[in-house]
Every structure is written in structure tokens, then in C-alpha cells.
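# A structural walkthrough
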Amino acid sequence: EAQVTQNPRYLITVTGKKLTVTCSQNMNHEYMSWYRQDPGLGLRQIYYSMNVEVTDKGDVPEGYKVSRKEKRNFPLILESPSPNQTSLYFCASSFRGYEQYFGPGTRLTVT
Amino acid sequence: SQQGEEDPQALSIQEGENATMNCSYKTSINNLQWYRQNSGRGLVHLILIRSNEREKHSGRLRVTLDTSKKSSSLLITASRAADTASYFCATVSNGSSNTGKLIFGQGTTLQVKP
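In short, a report on the structure. (Residues numbered from 1 in each chain as written. Chains lettered and ligands numbered in written order. Predicted model: local features only at pLDDT ≥ 70, side-chain atom pairs only at ≥ 80, totals over all residues. Heavy atoms only, no water.)

When helices and strands are counted, chain A shows zero helices and 11 strands. When the helices and strands of chain A are placed in sequence order, the string is β-β-β-β-β-β-β-β-β-β-β. Whereas a compact globule of 111 residues would reach a radius of gyration of roughly 13 Å, chain A reaches 13 Å, a difference of no more than 12%. Expressed along its principal axes, the backbone C-alpha trace of chain A runs to roughly 35 × 25 × 25 Å. Intrachain contacts of chain A at a sequence separation of at least 6 include 53% that bridge at least 24 residues. Accessible area of chain A: about 5,200 Å², with a carbon and sulfur share of 50%. (Helix = DSSP H or I, 4+ residues; strand = E, 2+ residues; numbered from the N terminus. Rg over C-alpha atoms; globule rule 2.2 N^0.38 Å. Contact = heavy atoms within 4.5 Å. Areas by Shrake-Rupley, 256 points an atom, 1.4 Å probe, with all protein chains shown as cover.)

What follows is the structure in C-alpha cells.
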């Protein structure tokens, strides 16, 4: 089954404690992206990757890092999380420019 | 940056009625896509319309695109309670067609009452 998986689905952490949210897709998609969704602000792109070892900033990259060492995986790293990073995070993948397949979301709370 | 503006922000209708949502955008686009999101879940792609297309159908969905007005509409016919969700338009601009970057609108929340 074609899918994008994210882990964990829910995470409560404290300020400053490094965390990684994993994302994996099984569709051989070149393009992968991370979004955050906040009430009243819609979905905003954090980082995206057009292929292995090719990543670029989206609209709200501050406080986040990503890597793309393998085509299927695109982890999101928060080196020092802060409360303003409390949000619902989505990973997505696609063939470039076409329909994106979204993961189920990771609800992150930073206290 | 949020390119799409959606209208209305919220819509409540009875089962069996049609629902129409509108989306406006700012820059020239390669394509426009519509997504559905059930509460707190991942987005699901509904339909893609290219800039050289004016109308597209998929089941009970009808999408129109007017590039001169930079606007699109999504019509759901004969709505069902299961259509209750938020609906987002998203655009791939001409400048981003090689990256595939999507810019999302704020979404329309649709409630279909049984």
C-alpha cells in the first residue's frame, strides 16, 4: 500500500530537549516536504527536498533541520525545541509538481 | 507565504445539497490542487487542474479554474455527512514548477448535516 508514515504520532516534550520526527515513503517519490499546521495560519512549509542530498528552506525553517540521506526518508530535527514549535506537523511526498501524499501527522507539544 | 484565499471560511449545509468553495491566488500558476482534511488527520488529494484547463470532474467533484481572475471553485454535488471536513486549495506557481512547492490556502470548513 502506497503510504507516508510518520513517527511518533504524538509527542510531549520540554524546552531544549532535542527531538526527531521520522518520515518515510514507499512510492519512490523524489520530492518530500515538511509542513506545520497552526490554527488561523493554515499549512506552512518548513523544508523540502527535491532528491537525495538536496534540501531547501521553505517559508518557516527557523528552529528546524532536515536531512535526506536516502530517497525514502526525510526526518525533521528540532535541535532545541521551544513552545512556539508546538504544532501539528505533516510530512508529504510526491513526484515533483503533482499530487502530494500526506502522512497522518505528528502532534507536538513543547512545554 | 499563503497565496490562496478561500471563501467562505466555513459552510454548513444539509445532506443532499451542493457545496461550493472558492479559492483565489496571486501569482501565475502551473497547476492548482484541492485537498480534503478530516479533523486532525492528514490531507488527502482530491483533484488537480492544470493552468490550461478550465474545468475538471471527478465523481461528485467539479473544479473550475479561471486564470484571468486567478480563482478556482470546488463544487461538491449531493453532499453527504461523510463530506464534513476542511477543504484546501493549493497552487504550484510557474516559478516553482520544477520544485513542486505547494502554497496552501487557509481552507474552508464544511459541515454537512444529516
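Looking now at the interface of chain A and chain B. Across the contact, 24 residues belong to chain A and 24 residues belong to chain B. Both faces combined, the contact of chain A with chain B buries some 1,800 Å², and carbon together with sulfur accounts for 50% of it. For the interface between chain A and chain B, the tally reads one salt bridge. Between Lys101(B) and Asp59(A) there is a salt bridge whose closest N-O contact spans 3.0 Å. Between the two partners, chain A and chain B, sit four residue pairs in polar contact (both at pLDDT 80 or more). Of all the secondary-structure elements, those providing two or more residues to the side of chain A that touches chain B are β4 (31–38), β5 (42–51) and β9 (87–94) of chain A. (Buried area = accessible area lost by both parts, 1.4 Å probe. Salt bridge = Lys/Arg side-chain N within 4 Å of Asp/Glu carboxyl O. Polar contact = N/O pair within 3.5 Å; in protein donor to acceptor, adjacent residues only side chain to side chain.)

Okay, the pattern of salt bridges next. The tally for this structure, following the rule as stated, stands at seven salt bridges over all chains. Residues Arg36(A) and Asp38(A) are paired through a salt bridge, measuring 2.8 Å at the closest nitrogen-oxygen approach. Accessibility expressed as a relative area gives 8% for Arg36(A), which makes it buried. The salt bridge partner of Arg62(B) is Glu55(B), with a shortest N-O separation of 3.1 Å. In this structure Arg62(B) comes out as partly exposed when scored by relative accessible area, which is 30%. Glu55(B) sits in the partly exposed class, given a relative accessible area of 41%. Through salt bridges with shared partners, a single ionic network connects Arg36(A), Asp38(A) and Arg44(A). (Buried < 20%, exposed > 50% of the residue type's maximum accessible area, 1.4 Å probe, protein only.)

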